[in-house]
Amino acid sequence: MATTSSTLLDARAMLRTLRRMADEIVELNGGTEGLVLIGIQRRGVPLAERLCTIIGERENVTIPTGALDITLYRDDLQTVGPRPVVGPTRLPWELEGRHVVIVDDVLYTGRTVRAALDELADFGRPARIALAVLVDRGGRELPIHPDVVGRSVDVLRGDHVDVYVEELDGRDAVVLKRRAEEQ
Amino acid sequence: MTSPIGKDLLALEPLTGDQIRLILDTAEPFKEISERAIKKVPTLRGKTIVNLFFESSTRTRISFEFAEKRLSADTVNVAASGSSVQKGETLVDTARNLEAMRIDMVVIRHGSSGAAKFLADRIESNVINAGDGTHEHPTQGLLDLLTLRDHLGDLAGRKVCICGDVLHSRVARSNLWGLKKLGVEVGVCGPRSLLPNAIESLGVTVFDHIEEAIEWADALNILRLQLERMHAGYIPSLREYNRIFGVTSARLEKAPRDLLILHPGPMNRGVEIDSDVADGPHSLILNQVTNGVAVRMAVLYLLAGGNAQLAEAAKGQGER
């Protein structure tokens, strides 16, 4: 089937979006005190690291960052089967009393975030958990809402929103792939 | 849909190199879970697993139990003594009764070779072989491979010698198949009375002297010499066995490289392995035990996901 693809964000637009997200995260948190950014494997991890770098440069602080693999907390082992566990969970500091921001590339059904919340609860009790996503594509199946959004798009169920990051894919871009309408 | 490694894990012989690598790669992230403050993930919540041990076992049973519990499965341990097995119930009746209570998996250790397959052919639940007679002990083979891989990287082209009572050892068989499928050159070393006839036909190098094996190998997997073998006339005496085949630091010092030392346990210190080797800097014996939990978690995880009926349908949705 033919697909059409359109670029939602190119590299420059993505950088601008991340800068704005970084500002919003600091604003939301009322500063950088106790702030921790945790990326969801895989593409959330480099995005969280970049947001940390941007915040660090602007506020002249070092923000700790971590990584979360939620594969073992998924609710679809029975329906989808085992998936490769792609990356390590790295949370090298206490979460008690911290302001945690979960970072992911695309927010869709909300099930990944649900799993991430469950996993975080096993590591400690942060004072607050917020959610920052580069793209919100709608289609939620759970009562989950992002606090910081890079770009909102209305897409159909069969569409794909693909995020490419320099660290893993060699380029920065957000691309919408839509199946061509049959005439 | 069956899991990428099939319905059951009965042996390493029928698996491909890719399937073995998949299990080892899956085990990698599971290591970290055992280092957490809360050593538990909810992956197998609601699954019921029966550990059916017809032979005594400490390490393997506890390792399976930890693996199951760290994945949040519910577990029941059944030992042959104190169960209806003592009243003469057959293996398959025991298993069918358990299955009637709606279990999901059985981990079985049994004194008869083929017992795990016999069971797997007759029940719906996933079956994991935790050692059957002198046939195989696949999870031990896998944890040995994982431990070797941790220290050697890619195993292809490496040389591993299995030392001791190969004839009666299910650990030796699982190691042999697993190592060969990953491209390792395999040697065996032991008294001829404890090596299977025509073992050369499996493509292994036979060493009659432990000194030659030490000179050749990158790693030694030293098997337990079961003391009852002496009474059965396979070897003249334990002292003589130690003098000729024992792995001692004096012998290891002559090796051209530092050898990694593995042993599936329980050890007979001073028989097949000397204490200063077992506790020495190149001994991986406790690493093996640690890796055992991770490998068993990986196997449980891969098999448990295999019953997915809706797998193909769900895949198309590209959910997040």
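Residues numbered from 1 in each chain as written. Chains lettered and ligands numbered in written order. Predicted model: local features only at pLDDT ≥ 70, side-chain atom pairs only at ≥ 80, totals over all residues.

**Comments concerning the overall build of chain B**
The criterion, for reference: Every helix listed is a DSSP run of H or I at least four residues long, and every strand listed is a run of E at least two residues long, numbered separately from the N terminus. For the radius of gyration, the atoms used are the C-alpha atoms, and the globule rule reads 2.2 Å times the number of residues raised to 0.38. Contact between residues is assigned whenever the C-beta positions, reconstructed from backbone atoms, fall within 7 Å.
On a plain count of helices and strands, chain B comes out with 13 helices and 9 strands. Against the compact-globule benchmark of 20 Å for 320 residues, chain B has a radius of gyration of 20 Å, which places it among compact chains. In terms of its C-alpha atoms, chain B occupies a principal-axis envelope of roughly 60 × 50 × 40 Å. If you take every contact in chain B between residues at least 6 apart in sequence, the share linking residues at least 24 apart comes to 75%.

**Observations regarding the sheet that holds strand E5 (residues 128-136) of chain A**
Where strands meet in a sheet, backbone hydrogen bonds hold them as pairs that are either parallel or antiparallel. All names here are of chain A. Definition in use: Strands are labelled as partners when DSSP assigns at least two bridges between them. In this description, a line fitted to the C-alpha atoms serves as the axis of each element, helices being fitted only across the stretch in contact, and the angle between N-to-C directions of two axes falls anywhere from 0 to 180 degrees.
Here we have 5 strands laid out as an open sheet, ordered E3-E2-E4-E5-E6, and parallel in their pairing. On the outer flanks of this sheet lie strand E3 (65-68) and strand E6 (148-152), each paired with one strand and no other. Going across the sheet, the axis of each strand differs from the next one's by a mean of 25 degrees, ignoring polarity. Note: strand E4 (residues 99-107) against E5, 8 bridges, orientation parallel. From the neighbouring strand, valine 106 faces E5, where its bridge partner is valine 135. Against the sheet, helix H1 (residues 11-29) contacts strand E2 (35-40), E4, E5 and E6, and its axis sits at roughly 150 degrees relative to E6. Running at roughly 155 degrees to E4, helix H4 (residues 111-121) makes contact with E2, E3, E4 and E5 of the sheet.

**Considering the nonpolar core**
Definition in use: Under the definition applied here, buried Ala, Val, Leu, Ile, Met, Phe, Trp, Tyr and Cys residues are grouped into a nonpolar core through C-beta atoms within 7 Å. Any residue whose C-beta has 12 or fewer other C-beta atoms within 10 Å is treated as exposed, any with 20 or more as buried, and any in between as partly exposed, C-beta atoms being built from the backbone.
Ranked by internal contacts, the top residues of the largest apolar core, which has 141 residues, are A:Leu51, B:Cys163 and B:Leu220. Ignoring any residue separated from it by four or fewer positions in sequence, one finds B:Cys163 in contact with B:Cys189, B:Gly190, B:Ile210, B:Ala213, B:Leu220, B:Asn221, B:Ile222, B:Leu223, B:Phe245 and B:Val247.

**Observations concerning H1(A)**
Residues and elements named next belong to chain A. Our working definition: Here a helix's expected span is defined as the number of its residues, less one, multiplied by 1.5 Å. Each C-beta atom gives one direction from the helix axis, and the arc is the one those directions make.
Its 19 residues give H1 an end-to-end C-alpha distance of 27 Å, which sits within 8% of 27 Å, the value for a rise of 1.5 Å per residue. Of all the positions in H1, only Met14, Leu18, Met21, Ala22 and Ile25 are classed as buried. Axial view of H1: buried residues confined to an arc of 105 degrees, hence all on one face. Among the exposed residues of H1, those oriented more than 90 degrees off its buried face are Arg12, Arg16 and Glu27. Looking at the buried positions of H1, the neighbouring elements they touch are strand E1 (3-9), helix H2 (44-59), E4, E5, E6 and strand E8 (173-179). Trailing H1 by a residue or two, glycine 30 shows a phi angle of about 65 degrees, which is positive.

**Things to note about the domain arrangement of chain B**
Where the parts come together, the accessible area they lose is often given as the size of the interface. Residues and elements named next belong to chain B. Using the following cut-off: Note that the domain bounds were set by an automatic or database domain assignment. Note that Gly is not counted as nonpolar here; it falls among the polar residues with everything else outside the nonpolar set of Ala, Val, Leu, Ile, Met, Phe, Trp, Tyr, Cys and Pro and the charged set of Asp, Glu, Lys and Arg.
Segmenting chain B into domains produces domain 1 (17-136 + 291-311) and domain 2 (138-288). Taken over C-alpha atoms, the centre of domain 1 sits 26 Å from the centre of domain 2. Taken together, the contact pairs 19 residues of domain 1 with 19 residues of domain 2. Only helix H1 (17-33), strand E4 (126-132) and helix H12 (285-304) provide two or more residues apiece to the side of domain 1 that touches domain 2. Its residues assigned to classes, the side of domain 1 that touches domain 2 comprises 7 nonpolar, 8 polar and 4 charged.

**Section: the environment of B:Gly141**
All names here are of chain B. By secondary structure assignment, the location of glycine 141 is in helix H5 (residues 138-152). Along the primary structure glycine 141 and threonine 26 are separated by 115 residues, whereas in three dimensions their C-alpha atoms are 15 Å apart. In contact with glycine 141, other than residues within four places in its own chain, are Leu12, Ser174, Asn175 and Gly178.

**With respect to the pairing of strand E3 (residues 105-110) of chain B**
Residue and element names in this part refer to chain B. Taken across its 6 residues, E3 has 6 buried, putting it largely inside the fold. The alternating pattern of E3 places Met105, Val107 and Arg109 and Val106, Ile108 and His110 on opposite faces, both of which are buried. With 5 bridges connecting them, strand E1 (residues 48-53) and E3 associate as parallel partners. Along E3, the bridge assignment pairs valine 50 with valine 106. Alignment of E3 against E4, held across 5 bridges, turns out to be parallel.

**Quick look at the confidence of the model for chain B**
Put simply, the rule is: pLDDT is a residue-level measure of predictor confidence that goes from 0 to 100.
Of all residues in chain B, 95% have pLDDT values of 70 or greater, and the mean over the chain is 90. Confidence drops under a pLDDT of 50 for residues 307-320 of chain B, and excluding neighbours within four residues, the segment shows 23 contacts in the predicted structure.

**So, the packing of H1(B) against H12(B)**
Residue and element names in this part refer to chain B. The criterion, for reference: Two helices cross in a left-handed way if the nearer one is turned anticlockwise from the farther one by less than a right angle. They cross in a right-handed way if the turn is clockwise.
Where H1 contacts H12, the two axes come as close as 8 Å, and the packing angle between them is 115 degrees. Crossing hand, H1 versus H12: right-handed. Note on element contacts: H12 touches H1 through Ala294, Val295, Met297, Ala298, Val299, Tyr301 and Leu302, opposite Ile23, Thr26, Ala27, Phe30 and Lys31. When the residues that make up the contact of H1 with H12 are grouped by side-chain class, the tally is 10 nonpolar, 1 polar and 1 charged.

**Regarding unusual backbone geometry**
Residues and elements named next belong to chain A. Between glutamine 41 and the following residue, arginine 42, the backbone shows a cis peptide bond with an omega angle of -5 degrees. Tracing the backbone through its elements, the reader meets arginine 42 in the loop between E2 and H2. A positive phi angle, close to 60 degrees, is found at asparagine 60, a residue other than glycine. Structurally, asparagine 60 is set in the loop between H2 and E3.

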